[in-house]
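Chain by chain, the residues:
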Amino acid sequence: MKPEYQRVAYYPGCALEGTGHAYNRSTKAVGSALGLQLDEVKDWNCCGAMEVKNVDPKVQTYLSSRVMSIAANEMKAKVVMAPCNGCYHNLKKAEHDLAHDAASRETVERISKKAGHQTYQAGSLETIHALDWIKDGIGEEELKRRLKNSLKGLKVANYYGCMYTRPRHIFPEKDQGLGSESTSQPHFMDDLLAAAGAENVDFPLKTACCGGAHVLSDSDTSTKLVLNILRAAEAAGADVIATECPTCHSGLEMHQVRAEKVLGVKTAVRMLYFTQLLGVALGVSPRKLGVHENVSDGLDLLKEKGLA
Amino acid sequence: MPIHEKSLIRPENLKTHDQLVIDGVDVSGHWSTFIESRVVTDYNEALEEEIGALPGGEHINRCWQCGSCTNSCTVNAVNPDFNPRYWIYLIRTGMESELLRDKDIIWQCVSCNKCTYACPRDVFPEGVMKATAHWLELKGHTAKSKSTIFDEEFTEQVVATGKIEEGRVIRNFFTKTGQPLLQGWLVEMAKRMARRLPFRLGLMMGLAAVFRPRTRGWAKAGAAIGEYVHEQEQHHRKALGIEDRT
């Protein structure tokens with residue numbers, strides 16, 4: 001267990017104030033149920049998501065470095081937690097580039113100076129995902145002790161997406177043997193939900209791509225990619241796909257509807273954020289977890305399983 | 001070269017004669033099939049350097065053509081014509097006219113980074129795809145792709161306010177690409193959301209249209225980014241030998 005994860009700087013990011021609002025709510029609710037504290041990063045900005053890097057990758061590095069600079073220098077935090085895969089990925093990528101690439105350092109320094117804040121120095125902050133936060137801040141054993149409802153009987157496909165594990169070089173702490181996360185077979189979400197009593201199905205597309213980068217600009221490709229994921233989850237016997245990224249989550253929801261409307265292919269599997277599932281297990285009401293805010297109707301499923 | 005990826009014979013180069021007799025032997029139909037040879041004369045020897053000068057393309061010279069990128073590619077599984085290894089080969093050998101045959105699909109890379117994960121030479125093929133799509137647009141071979149229009153709309157909002165508001169990005173993207181906002185599936189999504197929270201949805205959309213989320217104290221950072229992006233654009237145009245329009 002890592003005591004430094006008990007209180008961390010919190011970087012929600014833009015999506016968690018919009019389409020991913022339910023993820024924001026449920027993350028906070030799970031944190032307070034587990035006694036983990038979050039201090040939101042002051043005056044944070046967008047990390048650049050998947051878009052700004054295509055205009056200029058170093059601008060994306062700057063955007064992430066500004067968030068880290070505030071957390072490290074103004075809030076004196078040691079750890080920043082980002083629940084969104086996009087934010088988490090970009091902070092990690094900026095950390096890597098600033099440690100290894102002189103040109104990135106130079107650009108970030110130049111823009112930071114003009115913007116009037118301290119330049120972020122690589123190594124002054126640890127960036128973690130909401131999964132690390134719960135897995136290493138609380139752990140499965142403690143989680144089990146605090147359970148109010150077991151997720152027994154709920155069949156879950158754990159979907160991690162692209163940005164949580166790829167490319168490998170920006171996640172130096174992964175693939176380090178026992179206890180560390182794997183980039184080819186990630187398992188932190190599986191571990192936590194199993195501890196909450198859920199039955200994890202054997203799901204082969206854990207790190208497949210949902211086409212989130214082109215969710216609107218190339219909808220046909222995204223619909224095909226999402227359908228692969230939905231069908232594979234159904235074939236594996238899942239009632240619900242547990243997600244850990246607002247872009248993946250809304251991509252799955254949007255293209256499930258689009259597949260139904262445009263291709264006439266209907267799928268029944270639901271999507272819930274892993275924090276919503278953990279929250280239910282910890283006895284938080286589905287409303288407080290924002291389950292009613294999801295497009296995919298998880299409330300009916302939870303009722304059916306006697307969890308709501 | 002991993003030839004299993006694609007057929008090297010193009011259908012339009014397969015020639016047959018419906019009626020053909022040679023030395024008294026009837027070879028009509030498929031008996032007279034032959035493959036017309038391809039001759040490439042117009043090499044662009046600067047192609048690799050040009051793509052290498054754009055962000056993401058820096059390490060294209062490391063490629064040794066193992067094909068791991070294409071093998072792991074998400075988009076290749078949907079469309080076999082999407083072939084990063086082959087494009088890297090064409091770029092490195094300067095076969096511009098061959099590359100241009102695929103100009104309308106290169107932008108479709110979804111940045112899943114499976115190629116970058118698999119690449120044994122750290123070519124960063126994902127970056128090469130972005131650099132190539134960017135090169136096609138800068139050189140005027142393609143119009144701006146929908147993806148570029150989306151990225152630019154997104155970036156403009158970040159530069160202006162420090163944050164984005166998803167509804168605004170979507171509305172502006174649809175307007176700029178001439179698509180109706182009221183597409184059947186989007187309407188259906190809104191209906192499903194409205195079922196459980198009619199009030200909040202209305203409030204969210206209404207408020208976001210009036211108050212844009214912004215980062216406090218952002219003005220100087222936004223200006224510095226804008227300046228940097230402009231400078232880089234000039235730099236890229238110069239590297240590609242494109243006349244400065246300003």
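Reading the values: rules and limits
- Residues numbered from 1 in each chain as written.
- Chains lettered and ligands numbered in written order.
- Predicted model: local features only at pLDDT ≥ 70, side-chain atom pairs only at ≥ 80, totals over all residues.
- Contact = placed C-beta atoms within 7 Å.
- Helix = DSSP H or I, 4+ residues; strand = E, 2+ residues; numbered from the N terminus.
- Nonpolar A, V, L, I, M, F, W, Y, C, P; charged D, E, K, R; others polar.
- Domains from an automatic or database assignment.
- Pairing = 2+ DSSP bridges.
- Axes fitted to C-alpha atoms, helices over the stretch in contact; angles between N-to-C directions.
- Parallel < 35°, antiparallel > 145°, perpendicular 65-115°, else oblique.
- Left-handed = near helix turned anticlockwise from the far one by under 90°.
- Buried ≥ 20, exposed ≤ 12 C-beta atoms within 10 Å, placed from the backbone.
- Core = buried A, V, L, I, M, F, W, Y, C linked by C-beta atoms within 7 Å.

A. How the structure looks around the interface of chain A and chain B. Each partner contributes residues to the interface: chain A has 48 residues there, and chain B has 49 residues. Mapped by element, the contributors of at least two residues to the side of chain A that touches chain B are helix H2 (52-55), helix H3 (57-74), helix H5 (102-115), helix H9 (219-235) and helix H10 (246-263) of chain A. Among the residues forming the side of chain A that touches chain B, the class breakdown is 23 nonpolar, 12 polar and 13 charged.

B. Quick look at the domain arrangement of chain A. All names here are of chain A. Looking at the assigned domains, one finds that chain A contains domain 1 (3-129) and domain 2 (148-304). A straight line from the C-alpha centre of domain 1 to that of domain 2 covers 23 Å. Contacts between the two partners involve 23 residues from domain 1, matched on the other side by 26 residues from domain 2. Of all the secondary-structure elements, those providing two or more residues to the side of domain 1 that touches domain 2 are helix H1 (21-34) and helix H4 (85-100). A per-element tally of the side of domain 1 that touches domain 2 places H1 first, with 9 residues. In the side of domain 1 that touches domain 2, the residues fall into 10 nonpolar, 10 polar and 3 charged.

C. Here's a closer look at the domain arrangement of chain B. We note that the domain assignment places domain 1 (3-35), domain 2 (47-138) and domain 3 (146-230) within chain B. Here the C-alpha centroids of domain 2 of chain B and domain 3 of chain B sit 30 Å apart.

D. Quick peek at the sheet that holds strand S4 (residues 126-129) of chain A. Residue and element names in this part refer to chain A. Judged by pairing direction, the sheet is parallel, and its 4 strands sit side by side in the order S2-S1-S3-S4 without closing on themselves. Edge positions in the open sheet fall to strand S2 (37-40) and S4, since each of these has one partner strand only. Direction aside, neighbouring strands of the sheet carry axes that sit 40° apart on average. Where strand S3 (residues 79-82) lies against S4, 4 bridges are found, and the strand directions are parallel. Considered in S4, the bridge of alanine 82 is made with histidine 129.

E. Region of interest: the packing of helix H8 (residues 146-161) of chain B against helix H9 (residues 166-176) of chain B. Residues and elements named next belong to chain B. Relative to each other, H8 and H9 sit at 135°, their axes nearing to 10 Å. Classified by the interaxial angle, the pair formed by H8 and H9 is oblique. Remark: the crossing between H8 and H9 carries right-handed chirality. Touching Ile149, Phe150, Glu153, Phe154 and Gln157 of H8 are Arg168, Val169, Asn172, Phe173 and Lys176, all from H9. Tallied by class, the residues present in the contact of H8 with H9 amount to 5 nonpolar, 2 polar and 3 charged.

F. Representation of the sheet that holds strand S5 (residues 155-158) of chain A. Residues and elements named next belong to chain A. In spatial order, the strands read S6-S5-S7-S8; together these 4 strands make up an open sheet with parallel pairing. With one partner strand each, in any of the chains shown, strand S6 (199-200) and strand S8 (270-273) form the two edges of the open sheet. Along the sheet face, helix H8 (residues 188-195) touches S5, S6 and strand S7 (240-243) and points at about 160° away from the line of S5.

G. Region of interest: the environment of glutamate 165 of chain B. All names here are of chain B. Of note, glutamate 165 is situated in the loop between H8 and H9. Glutamate 165 sits in the buried class, given 20 other C-beta atoms within 10 Å. Along the sequence, glutamate 165 and glutamate 126 sit 39 residues apart, while their C-alpha atoms lie 27 Å from each other.

H. Representation of the nonpolar core. All names here are of chain A. Of all hydrophobic cores here, the largest spans 143 residues; its most connected members are Val80, Ile229 and Leu277. No other element matches H3, which puts 8 residues into this core. In this view, leucine 277 contacts Leu151, Leu193, Ala196, Ala198, Ala242 and Leu272; residues no more than four positions away in its chain are not counted.

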